[in-house]
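Chain by chain, the residues run as shown.
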Amino acid sequence: MKLHFVRSMFSVVIVVVAIALNVFIPKGSLAATASAIDRDATAILNKLYKTNPGAKALADKAVAVLVFPSIVKGGFLIAGQYGDGALRKRGKTVAYYRSLAASYGFQAGVQAYGYVLFFMDDASVKYLDKSEGWELGTGPSLVILDEGFGKNLSTTTLQKGVYAFIFDQKGLMGGFGIQGSKITKINPNP
């Protein structure tokens, strides 16, 4: 009985993730090229800066900006998420990264969103470069800014660590669970 339940849940997870990938990720973006990642990162940063002046002010002070234009998450009890991004210094892409996460718990649904990480000091960027994949929640301090706070933030107080903006949330993912998220360097095709 228990084995049948696990097989059923695994099948449901596969179906939900397949639907999420087809609905929320543009064709070909799972094997995203460097140029596609750059194009999407530029478009999403321009949109973010236009709608949120605080994000632009933060970017102007940041040592580096890591942009994940599209992250897709889906699952039932067991969920996964995936997305590729670009690390930029002074407006130029210097490296590419992949964000992967897995979680388990009482959860169900499909969701797509993007996020930008603003690295405010060299130590935080060095940690990202030197680690064999940065697990969010370890290493440099991470502060998630919502749109309301981001519109009113003062960059004089934002000196160290990493600040995150999450944007363009679509879909519905509900429940609670335990999640592990990791960011690793990749080498996409040009």
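In what follows, the structure referred to is the one given above.
What counts and what doesn't
Residues numbered from 1 in each chain as written. Predicted model: local features only at pLDDT ≥ 70, side-chain atom pairs only at ≥ 80, totals over all residues. Heavy atoms only, no water. Helix = DSSP H or I, 4+ residues; strand = E, 2+ residues; numbered from the N terminus. Buried < 20%, exposed > 50% of the residue type's maximum accessible area, 1.4 Å probe, protein only. Contact = heavy atoms within 4.5 Å. Pairing = 2+ DSSP bridges. Arc of directions from axis to C-beta.

With that settled, consider the environment of Ala62. As for its position among the elements, Ala62 is in the loop between helix 3 (53-61) and strand 1 (64-89). Of the residues examined, Ala62 reaches a relative accessible area of 16% and is grouped as buried. For the pair formed by Ala62 and Phe118, sequence separation is 56 residues and the distance between their alpha carbons is 5.8 Å. For Ala62, the contacting residues outside a window of four places in its chain are Phe118, Phe119 and Met120.

Below, the discussion takes up unusual backbone geometry. For Leu77, which is not glycine, the phi torsion reads 65 degrees and is therefore positive. Relative to the helices and strands, Leu77 resides in strand 1. Positioned with a positive phi, Arg90 is a non-glycine residue whose angle comes to about 55 degrees. Tracing the chain through its elements places Arg90 in the loop between strand 1 and strand 2 (92-119). Arg90 sits in the exposed class, given a relative accessible area of 86%.

This brings us to the environment of Ile78. On the secondary structure map, Ile78 appears in strand 1. For Ile78, a relative accessible area of 51% translates into the label exposed. When the C-alpha atoms of Ile78 and Ser103 are compared, they prove to be 5.8 Å apart, with 25 residues separating the residues in sequence.

To continue, consider the pairing of strand 1. Along strand 1, 20 of the 26 residues are buried, which leaves the element largely enclosed by surrounding structure. Bridge analysis of strand 1 against strand 2 gives 23 bridges, and the strand direction is antiparallel. What sits directly across from Asp84, in strand 2, is Arg98.

Among the residues of helix 4 (residues 122-130), Ser124, Val125 and Leu128 are the ones counted as buried. When helix 4 is viewed along its axis, its buried side chains cluster within an angular range of 95 degrees and face the same direction. Facing away from the buried side of helix 4, by more than 90 degrees, are the exposed residues Ala123, Lys126 and Lys130.

Right, let's talk about helix 3 for a bit. When helix 3 is considered as a whole, its buried residues turn out to be Gly54, Ala55, Leu58 and Ala59. End-on view of helix 3: buried residues confined to an arc of 140 degrees, all on one side of the axis. In helix 3, the exposed positions that point more than 90 degrees away from the buried face belong to Pro53 and Asp60.

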